[in-house]
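Close look at the chain arrangement
The residues making up each chain are set out below.
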Amino acid sequence: MLRSVAEHQRIVAELIPAARTANLPLRAAAGRVLAGDQVAAVALPSFDNSAMDGYAVRAAEIATATASAPVRLPVAEDIPAGRVDRPVLAKGTVHRIMTGAPLPTGADSVVQVEHTDGGVETVAISEPARAGAHIRRSGEDVRSGDRVLTDGTPLGPAQVGLLAALGLAAVPVYAPLRVLVLSTGSELVTAGERLQHGQIYDSNGPMLAVAVQDCGAEATLLHFVADDIAALHAALDEQLGAVDLIVTTGGVSAGAYEVVKDALAEEDVVFAKVAMQPGMPQGAGRYRGVPIVTFPGNPISSLVSFEVFLRPALRAAMGYPSARRPVLAARLREPLDSPRGRRQFRRGTFDATTGEAALMGAPASHFLYALAHSNCLLDIGEEVEHLEAGELVDVWDLRGC
Ligand code: AMP
Ligand code: MG
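Residues numbered from 1 in each chain as written. Chains lettered and ligands numbered in written order. Predicted model: local features only at pLDDT ≥ 70, side-chain atom pairs only at ≥ 80, totals over all residues. Heavy atoms only, no water.

Along the protein, the regular secondary structure elements total eight helices and 27 strands. Principal axes of the C-alpha set define a box for the protein whose edges measure 95 × 50 × 40 Å. For the protein, the residues scored as buried account for 47% of the 401 residues in total. Taking all contacts inside the protein whose residues are at least 6 apart in sequence as the whole, residues at least 24 apart take part in 71%. Summed over its atoms, the accessible surface of the protein is roughly 18700 Å², and 53% of this surface lies on carbon and sulfur atoms. (Helix = DSSP H or I, 4+ residues; strand = E, 2+ residues; numbered from the N terminus. Buried < 20%, exposed > 50% of the residue type's maximum accessible area, 1.4 Å probe, protein only. Contact = heavy atoms within 4.5 Å. Areas by Shrake-Rupley, 256 points an atom, 1.4 Å probe, with all protein chains shown as cover.)

In terms of nonpolar packing, the biggest core is built from 40 residues, with Ile 16, Phe 306, Leu 310 and Leu 314 touching the most fellow members. At the level of elements, α1 (5–15), β12 (178–183), α4 (204–214), β16 (245–249), β20 (290–295) and α7 (299–317) are the ones that each hand at least two residues to this core. At 10 residues, α7 tops the list of elements feeding residues into this core. Sequence-distant contacts of Ile 16, defined by excluding residues within four places in its chain, comprise Leu 177, Leu 245, Leu 310, Ala 313, Leu 314 and Ala 317. Judged by nonpolar contacts, the second largest core, of 19 residues, contains Leu 232, Val 243, Leu 264 and Val 269. (Core = buried A, V, L, I, M, F, W, Y, C linked by side-chain atoms within 4.5 Å.)

Near ligand 1, the surroundings consist of 16 residues, among which Glu 187, Asp 202, Ser 203, Gly 251 and Gly 297 are the closest. Within the contact set of ligand 1, an oxygen atom lies 2.5 Å away from a side-chain nitrogen or oxygen of Glu 187. Backbone polar atom of Ser 203 to a nitrogen atom of ligand 1: 3.0 Å apart, as the coordinates give it. With the chains in place, 77% of the 480 Å² that ligand 1 exposes on its own is no longer accessible. Its residues assigned to classes, the shell around ligand 1 comprises five nonpolar, nine polar and two charged. (Near = heavy atom within 4 Å. Polar contact = N/O pair within 3.5 Å; in protein donor to acceptor, adjacent residues only side chain to side chain. Nonpolar A, V, L, I, M, F, W, Y, C, P; charged D, E, K, R; others polar.)

Summarising the element assignment, Val 269 is placed in strand β17 (residues 268–273). Given the relative accessible area of 10%, Val 269 is considered buried. Counting along the chain gives 18 residues from Val 269 to Tyr 287, while the straight-line C-alpha distance between them is 7.2 Å. When residues no more than four places from it in sequence are discounted, the contact partners of Val 269 are Leu 264, Gly 283, Ala 284, Gly 285, Arg 286 and Ile 292.

Attention now goes to the sheet that holds strand β19 (residues 281–287). Taking strand neighbours across the sheet as the criterion, the six strands line up as β15-β12-β16-β20-β19-β17 in an open arrangement whose pairing is mixed. Of all the strands in the sheet, just β15 (218–221) and β17 have a single pairing partner and so form its edges. On average, adjacent strands in this sheet sit at an angle of 20° to one another, irrespective of strand direction. Sitting on the sheet, helix α5 (residues 229–239) touches β12, β15, β16, β19 and β20, and the angle it makes with β12 is about 165°. Helix-sheet contacts for α7 involve β12, β16, β19 and β20, and the interaxial angle to β20 is about 150°. (Pairing = 2+ DSSP bridges. Axes fitted to C-alpha atoms, helices over the stretch in contact; angles between N-to-C directions.)

Pairing in this open sheet of five strands is mixed, and the strands run β7-β4-β6-β5-β8 from one edge to the other. Unpaired on one side and paired on the other, β7 (109–112) and β8 (122–125) mark the two borders of the sheet. Sheet twist, expressed as the average angle between the axes of neighbouring strands with direction ignored, equals 45°. Pairing between strand β5 (residues 71–79) and β8: four bridges, direction antiparallel. Bridging across to β8, Leu 73 finds its partner in Val 123.

Counted residue by residue, strand β25 (residues 376–380) has five buried out of five residues, so it is predominantly covered. Burial of β25 is two-sided: the residues Cys 376, Leu 378 and Ile 380 facing one way and the residues Leu 377 and Asp 379 facing the other way are all buried. Where β25 meets strand β27 (residues 392–397), four bridges bridge the pair, whose relative direction is antiparallel. Paired with Asp 379 across the strands is Asp 394, a residue of β27.

On to the pattern of salt bridges, then. When their charged atoms lie close together, side chains carrying opposite charge are able to pair. Scanning all chains against the criterion turns up 17 salt bridges. For Asp 48, the salt bridge is made with Arg 137, and the minimal N-O distance between the two is 3.0 Å. On the criterion of sequence distance, the pair formed by Asp 48 in the loop between β2 (38–39) and β3 (49–50) and Arg 137 in the loop between β9 (135–136) and β10 (147–149) is long-range, its members being 89 residues apart. Note on Asp 48: relative accessible area 28%, which makes it partly exposed. (Salt bridge = Lys/Arg side-chain N within 4 Å of Asp/Glu carboxyl O.)

With that settled, the discussion passes to the packing of α4 against α7. Closest axis-to-axis distance for the α4/α7 pair is 10 Å, and the angle between their directions is 20°. When the interaxial angle is binned, α4 and α7 end up roughly parallel. The hand of the α4/α7 crossing is right-handed. Across from Asn 204, Met 207, Leu 208, Ala 211, Val 212 and Asp 214 in α4, the residues of α7 making contact are Pro 299, Ser 302, Leu 303, Phe 306 and Arg 311. (Parallel < 35°, antiparallel > 145°, perpendicular 65-115°, else oblique. Left-handed = near helix turned anticlockwise from the far one by under 90°.)

Have a look at this one:
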């Protein structure tokens, strides 16, 4: 009996600890998720101020103003932005005022400079003003005590702008989880070294480290280890105190020399066959207390496993509200076959303008070129054996978060 994808998703999600929180300066906090609601300690705006360059007036005093019969009044004060005293507008006078400058006491509207002659000693005003015109009222954007952003809000430029306007220098955010990525396989060779016949370069390590970073976590990428139990134990033991999660690739299938399976046989790790393709052999549990998730070694299997099991769990643990990739309904450009009893994730391209999805490459799990040229995964249900062109299929948008 195979384990369902949903069941293994749940098992992995339960393993991942909630991220710690840290108080970070706003710029460093950007891209992370707010940990805890933020309440405004000041109002926005914090004082009544002018929305225009012009003149602060009493509207009633310029009610008759027209272009042919302007109202002339003395300019008693000049109020640039940044003035911190509190001038009072005496009856029968106006104050020249700039955008963002505090409104003088007694003024009830602002006349744009364009409706005046721009005078400095006296000014001729050629239009009446509506009471309250061009005044930004204290608290009309945010009142002091308002809850302005809630726990779980991802911080982008606009949210940072709001927090900065409220005078905050730092905010609490969820810290990235620290993930150890470890490839296993005696056939693996470091980039730059000469390949001998039978050897391959390690693609899973860099690929998964970047996938981890890409979802907001922190990756430690270790040099891969050979299919050697002692070497694997040594590599893991060295990192135990420094990581929140271990991810391995390779060595979990049904062959001989399955180093991960063998090395973790005595540990609190369960290996299971999951009803999916690619990515059937999976393992999850704890290695000496530290959560560990083991992916199969085929590159496509390992990245699909990350997308299906780890990415949503990591993002949820780090507070992101949208832990899953957006799922869209697409029309198939071509027919496809899928193994009964296995949920299949095919690589593909989704065209948002036509709403169509096309397959990219064969189902086999070593086609990295096709993976690199895909922008979605087609999610084909366990019970589906065949779909015709034009039928609807769920696609996971790999560009969305
Ligand atoms: P395994 O799961 O260890 O049986 O490996 C399955 C297939 O994936 C084999 O063809 C391996 O050579 C390949 N493979 C395993 N690990 C990696 C890796 N880190 N990078 C690229 N290919 C790998
Ligand atoms: Mg292997």
